[in-house]
Structure formats: C-alpha cells, structure tokens
Amino acid sequence: METGPLKRVADRIPSLMRWFLSSSAIIACTPPAFAAPGGLMATGVFQSAEIVTFSVLIGVISAAMISAIWLIRQRGNIETDNRELNAALSDANHRISRFQALIADKNRRIVVWEGLATKPEFLGQLPAETGAPQDDRNFLAFGRWLKAQSASELEKAVEHLRSAAQSFDLVVETIRGEIIETQGRVSGGRAFVRFVALNNLRAELAEMKLERDRLRSSISGLHTLLDATDLPVWQRGADGSLIWVNQAYAEAVEAADPATAIRESRELLATVNREKIRALSTYDSPYREKLSAVVRGNRAFYEVVDAKSAGGSAGMAINVSDVETVREELNRTLKSHAETLDQLATPVATFDGNQRLQFYNQAFQRLWQLDMGFLERKPTNGEILDRLRAAGTLPEQLNWKQWKENALAVYQALDTQSDLWHLPNGQTLRVFATARPQGGATWVFENLTEKVDLETRYNTLVQVQGETIDHLSEGVAVFGPDGRVKLSNPAFRALWGVSEAEVKPGTHIRTIEQACSASYDHPDGWKRFAQLITSFDDERPSSQGVLELRTGLILDFAVIPLPNAQTMLTFVNITDSAKVERALTEKNEALQMADHLKNDFVQHVSYELRSPLTNIIGFADLLKTPAFGTLTERQAEYVDHISTSSSLLLTIVNDILDLATVDAGIVELDLSEINLTDFLDEISLQMADRLQESAVILRIDAPDSLGLFVADHQRLKQILIKLLTNAANFAPDDSIIRLKCRRDGSDFLFSITDTGPGIPQDILDTVFNRFESHGQHGGAGLGLSIVESFVGLHRGTVSIRSREGEGTEVTCRIPSGNLPQFQAAE
C-alpha cells in the first residue's frame, strides 16, 4: 500500500508546532519599552495589568490566526493525501481481487487463523467429488469427510501448528478415496493451512506415499505384534538367509536379541528341514508340516508354516507339543468314552456342528434298525429322521416339516430339550437332545416302555390290592414305624368290633389297643404287637399265633415286616376250622391208634402163620419122597396142590410182612457192591423154572459189562423177580419177555416188556395199590406194591406204560448207593 501523503502530513506537524510556540514566545517577551515608546508606559499611560491582558489577547488572536492559516493549509494537504490514498486503495483492491481470483482455484482451499481465539478465514474451494464440505462451518470437522486415520493426523498437525508453530506437510485421504495434499505454515503471526486436491501424477505420487506410509505402519505394527507373541517368526531373503526374526525366535535359539540371532545366523530348524521347505514351498501352496526341533535342550514339536514370496520367504513355528499331548489324551478319552457308551443299553448318538453323525453306539443301531453302511456315511440328523419316517418307525405327525424343524432346533438352543416319542411298535421313548459347547448336539433315547408298563401295572395292582384287601375275609392292618396305622380293611374292624373312625389312618396303636380291649384284654396281646411294630432292631422278626377273643372268636394272627419299616397285622377267623381241626385231630389220633394196632396185628399174624406154613410145606415135600411110601396118583396130585398152595400162601405172608416193615419204617438196606452181569445171570437161572412153567422165553438185552453197582442185593433181586413173575403171569404162551438193562451215569435202568393183554387205561393208575389184582392170573395184588416200595427205598422211580392188546412195559431207575464209611476205609 502507498504511504507517501500520510508521511508528509505527519512530518509537517512538528514544524507547525515549533512555529506556533516561537510566535507566542516573541509576543510574550516584548520589552515594556517597545510596548510603550517614549516611556509612556512607565509614565502610567498603560498599567501593568492592562499590558498583560493585552498581550494575552494579542497572543490568542495570533494563535487563532496561525491555527486558521495552518488548518487551511493542512486541509489542502489532506485533500491531496486523500486523493493519493484513494488511488492507492483502489490499486490495492485491484491487486486483492486479482490475488483472490488466483487463490480461488477449484482445486485449492486455504484456512487462515489470526490468533488462537479468532475465527478462521476460508479462501477457495475443493472439488465436490472429494467429498469436502462446501460451507465453512463443516469444513474443519475433518472426521466427517476424511478417513479416521487421516482426520486424526490432520487434527493433531493443525493443533501443533497453531499452538507451537510447527509446520507440516501431509497427504490425507477422504472417505470417497480422493487424495488431498495439506501444508501448514506460520507467517506474520498468522497460521494458515492449504488444502490442494491432487490429480494425475501428483495424485498418484501422493497415493504411493500414502501406500508407503500405510505399508510402513502395517509392517511396523506387524513386527510389534509378532514380537509380542510367543511364536517364533522369521523372514528370509532370496538367498535363504535370515533378514528379520522376532523376540520369540531369538529366545528359542538362545540369542540375546533378534539382531544377534540374525547376525550369527542361528537356525531354529535343522538343515534337512530347511532344504525340504525350500524344495516344497511354492507361491501358491505354502509349506505346512509338523517338524521337531531342539529348544533349550528339550525336543519339541512345531507346526511350521512357510510362505514363499518374490523377495524370499516368511515362516512361523507353532509349538504343538502340548497340543499333541492334549490331542492324544483327548483321543484316548474319546475312545474310552466311545467304548463305554458302546456298552450302554441306552441308545446314544452324537452330531457335529454341521448336524452330521459323528458317533453312535450299538444300542442306537439296534433301536432304529438302521443300515450300518448308511450310518458309516455320516448322514445328517435330518436325513436320519427322514429315513426313520420312511421306515415307519417314528410317530406319525400332522405337520412333519414343523415337527422336524422343532426337533432340529436343539442346535440353536441353550438348554436341553426333551420330548416323549410314542413309536408305532408300542415303545415309549424319552428323547433328550443337548447342544454341545463345541457345536453339534447329543441325542439320548431312554426307553420308558417297561417303566410306563410297570407304572400302569403298579397302579392297577395298587387298585386291585386295595379292592382285594377291602373284600378279604381276613382282617388286615398296616402300621408305620411310628406305630400309626396306614390302612385297615372292613374285616379287621368287624373282627375287633371297632368303627372306621377309631382306626382311621394316623391313629396310634395305643389308641387302637384301647378300642380293642373290649374284645381282648390279655396283657401280652396288643402290647406285643406294639413292641414288634415300633422296634428299632436291625432284624425285625415275623410272628404268628392264635388269639381267642371274649366273643368266642378264634383268630390266627401274623405279624409280617414290610419294606420301608412298615408292619402288617393279619387276623384270620379260624373259629370253625379250629373246631373241625380239633375233631379231625381226635379222629386222626384214633386212626393212628387203629393203624398201629393193624400193623401189630399183621406182623403178629404173619409171624404166627410162617411156622405152620413152613411145617406144611416141609411135610408135603416129605410125602413126595419114596422113603415114606408110594403115593397114588390122586394122592400125589393132592400133595402137589398142598405144596403149591402153601408156597403161594407163604409168599403172600412174606409180602405182607415186607410191606408192614416198610410202613413201620424199620427196613434198613444192606448195601453192597453188585456185579450186574453176574446178577442178571443169577436172575435168569432162578426164573428158568418159572418161565418154563408159563411157556415163555426171557430175552435179556444188556451190554457185555455193566460194571459194579451199589444196592441191596436181596431187595433188588426181589424187584426183578416180582416184575418178571408178573410178566410171566400175563404173557401168552410161547411169547418173549424182554429185559433191557443199561447204565445212565451212576443209575441202573432196566425195563421189562411183555406182549400180554395189557392193562386198561381206567385201572392203569391203580396198579400200584395194594390188594389190587387184575386178570385171571392175578394173585393177592401185592407184587407191584412191593416193587414200588423197594424202589422207593433205593431213592429210585418206577413207571408203567401199557395199552390194551399191546402188552405192558415197566421201567425202573435205581441210583447207586454209598457204601458205609468203614467199608470204604477197608
């Protein structure tokens, strides 16, 4: 700006002031002589006060005249200066307009601050495509149109520029991706920031600078992050040498710091492994494998990842020693759990996060009868449900799709879901589906069929028992361990003559005792019941007995311990049966006495008959001998009849005596070892004459050697002879009687078969009864009874099989006995 006229005015002001002061001084200093020529003043023409007044007036007038002259002259000068100033101002405005035109480029904007408290001044605009606000108010809100990092850097730079006069040059990026160059400067006490929208090469250069800064920042952050991790990380050059490692790598190779590890080329991996990595690693496929390395004297396993790049390669080693140990332990645990679950009777199936089958036990396969090949393909949960539905094993649903979605919702559920499935085959399953923390779900199928059936049966049983107890003729009462009644039936109340209110549930046994005292007041009755019911003994014994009430009733009571420390009292009215029992007891005693007398009589008579019969048989045999003379034919016939009848009578007497001794229980077996082969020969010789008389043939079917057998020789011989004689009596002439013998372990089995007329079915069950005789050849009917008694003495069994017209077969099984101890010792 031009300042010449103003300067001239300022230069003139001091000279005018000097001139004015000098004029005033001259007037004030005029001598009196000059003021009053010729001594007029001294002579009193003018007095002193008047002179002073006049002087002042002259001075004021002079000053006024001088000021008016000066103002006139000054006004002219000011007008001249104003013309010069207007011309300079016009020139300055022209220059400002020209500068503003130059600054107001569409690619630039300048923000100027006069001071810290003043508002900024904005010059120019940025292109609209940059996203920068056009209004001044929102322009400085950098976070609204710049990216976060650029806005943060620019705000800090502007703050430092205004507060500490720190210049800056930054390249920032807008939200729209446009590049803007910013420059901050301080000049003449003003701070200004210039924003320039770059284009073409400058924009590309700025973008490259931004990218370089980003890359440097990313690499620095990545290195900082990698240094903070405990995973060894390295970077190699094109020749394979280390160019960067992190702190964990330096610690793994026992170097003081990463620089030392690079300088000394300390390698974590063996040479063979490094060569293998260089050979196998490609740009598209990084090398990845588990390798072993020695770290701090201990061998560890690392999962090594090495990626190849144009400038070399970079790798990382992840210590998986603990992971491998945990994985092996997990595999062992999972295997153990799988083996355990496989042995469970409860079906279990596990699905992964993709709803695919991962595990199932044998019970699951048996429950649903699914094909093993289908299960091994690891189908999804939905596929399994669809197959089960197609097979007709799932419950029918009105809306299958909705039901299936609800069932599979467990994979997004937080809690365990349970449901009841009533299968078409009658089974009832409780299904538990639980989402797994690592993803997936576990399905457990609990078969409630037996439980539901048992509950139904139990409830039915309880109802039936309740109805049964209420309708029993026996009196029943159940007491808890505290002596209070749980239930009682009407029969109990009727027997004791008490009301339902007196024995309602919860009534103590002492109260019931008082209520029953009218019928029974024996001191040891209900007190004993109370002691047994409320006893704290570990073993609660049962008790039973008979009570006779004042009413004349005779009760058979029983104290029965029940589960849960409860006790049941039962009372049976045996008044009638007791009376009958007494009558029967008296009658039985009479019958026993009569039987005893009968046995004594039979034994006495049998012994008494033996002597005369023996004499008769002996004398008949003597009469047959020629020494006593020759008998006529008729006499010989009579003697034969006497001998035969006597022998038959002796046999009957002996049979009766044997049965009597068996019934009396005084028979003792004389056990000895029997050679069965010789024994059968003895039987056949003894039966030869009898069989010849009956004109029948005996055929013995037995192995060559039956061995030894322990039994009573005489009784066993009687058994066989009785059976053979009985068969000979009924067998037709010239027929065959078969005797089959064999050993079955320690038992001796034999059967006698004839081809006689057989036994009718209506009397087959009575053949072993005494004095039962059938057919024309029947005797006294004691033979089979004796056989059964003697076989029973040997702890054996006898059976008979017969059909009319087909003959009879009698089979005996006799176990081998034990010889006495002294015989075994000998």
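Residues numbered from 1 in each chain as written. Predicted model: local features only at pLDDT ≥ 70, side-chain atom pairs only at ≥ 80, totals over all residues. Heavy atoms only, no water.

### Comments concerning the packing of aromatic side chains
Next, step 1: In total, this model carries 20 aromatic pairs according to the counting rule given.
Next, step 2: When the ring of F142 is compared with that of F195, the centres are 6.1 Å apart and the planes differ by 40°; the resulting orientation is tilted. Taken as a pair, F142 in helix 5 (residues 142–145) and F195 in strand 5 (residues 190–197) lie far apart in primary sequence, 53 residues in all.
Next, step 3: Residue classification places F142 among the buried positions, given a relative accessible area of 4%.
Next, step 4: Judged by its relative accessible area of 1%, F195 falls in the buried class.
Next, step 5: Between F492 and F571, the aromatic rings sit 5.8 Å apart at their centres with planes inclined by 45°, giving tilted as the arrangement. Within this pair, whereas F492 is found in helix 17 (residues 490–496), its partner F571 is found in strand 20 (residues 567–573), the two being separated by 79 residues in sequence.
Next, step 6: Judged by relative accessible area, which is 0%, F571 ranks as buried.
Next, step 7: An aromatic cluster of at least three residues, connected via ring pairs, comprises Y360, F364, W368, W400, W403, W421, W443 and F445.
Next, step 8: Over the ring of F139 we find R109, and its NZ or CZ is 4.5 Å from the ring centre.
Next, step 9: Note that R387 overlies the ring of F374, its terminal NZ or CZ placed 3.8 Å from the centroid. (Phe/Tyr/Trp six-rings, centres within 6.5 Å; stacked < 30°, edge-to-face > 60°. Helix = DSSP H or I, 4+ residues; strand = E, 2+ residues; numbered from the N terminus. Buried < 20%, exposed > 50% of the residue type's maximum accessible area, 1.4 Å probe, protein only. Lys NZ or Arg CZ within 6 Å of the ring centre and 35° of its normal.)

### A short note on helix 14 (residues 381–390)
Next, step 1: Of the positions making up helix 14, those classed as buried are N381, G382, I384, L385 and L388. Along the axis of helix 14, the buried positions cluster into a sector of 160°, meaning they face one direction only.
Next, step 2: Phi for G392, located one or two positions after helix 14, is positive at around 75°. (Arc of directions from axis to C-beta.)

### Notes on the environment of I533
Next, step 1: Note on placement: I533 falls in helix 19 (residues 526–533).
Next, step 2: Overall, I533 belongs to the buried group, its relative accessible area being 1%.
Next, step 3: Residues I533 and P481, 52 residues apart in the sequence, show an inter-C-alpha distance of 6.2 Å.
Next, step 4: Those residues in contact with I533, other than ones at most four positions away along the chain, are F479, G480, P481, G483, I509, T567 and L569. (Contact = heavy atoms within 4.5 Å.)

### Observations concerning helix 24 (residues 713–730)
Next, step 1: With 18 residues, helix 24 extends 26 Å from end C-alpha to end C-alpha; this agrees with the ideal 26 Å at 1.5 Å per step.
Next, step 2: If you check which residues of helix 24 are buried, you get R715, L716, K717, Q718, I719, L720, I721, K722, L723, L724, A727 and A728.
Next, step 3: For helix 24, the N-terminal capping position is held by D712, with its side-chain oxygen 3.2 Å away from the main-chain nitrogen of Q714. (Expected span 1.5 Å × (residues − 1). Polar contact = N/O pair within 3.5 Å; in protein donor to acceptor, adjacent residues only side chain to side chain.)

### Considerations on the packing of helix 18 (residues 509–516) against helix 19
To characterise two packed helices, one gives the angle between the axes of the helices and the distance between these axes.
Next, step 1: Relative orientation of the contacting elements helix 18 and helix 19 amounts to 165°, with a least axis distance of 10 Å. Judged by the angle between their axes, helix 18 and helix 19 are roughly antiparallel. Our pair here, helix 18 against helix 19, has a crossing hand that is right-handed. For the pair helix 18 and helix 19, the contacting residues are I509, R510, I512, E513 and C516 in the first and W526, K527, F529, A530 and I533 in the second.
Next, step 2: Tallied by class, residues from the contact of helix 18 with helix 19 come to 7 nonpolar, no polar and 3 charged. (Axes fitted to C-alpha atoms, helices over the stretch in contact; angles between N-to-C directions. Parallel < 35°, antiparallel > 145°, perpendicular 65-115°, else oblique. Left-handed = near helix turned anticlockwise from the far one by under 90°. Nonpolar A, V, L, I, M, F, W, Y, C, P; charged D, E, K, R; others polar.)

### Here's the deal with the sheet that holds strand 6 (residues 233–236)
Next, step 1: Read from one edge to the other, the open sheet built from 5 strands follows the order 7-6-10-9-8, with strand pairing classed as antiparallel. The open sheet has two edge strands, strand 7 (242–245) and strand 8 (287–295), and neither has a second partner. Strand after strand, the sheet turns through a mean of 25° between neighbouring axes, direction not considered.
Next, step 2: The pairing of strand 9 (residues 298–309) with strand 10 (residues 312–319) spans 8 bridges and is classified as antiparallel. Note on strand 10: the bridge partner recorded for Y302 is N319.
Next, step 3: Contacts from helix 10 (residues 271–280) reach strand 6, strand 8 and strand 9 within the one sheet, and its direction differs from that of strand 8 by about 165°. (Pairing = 2+ DSSP bridges.)

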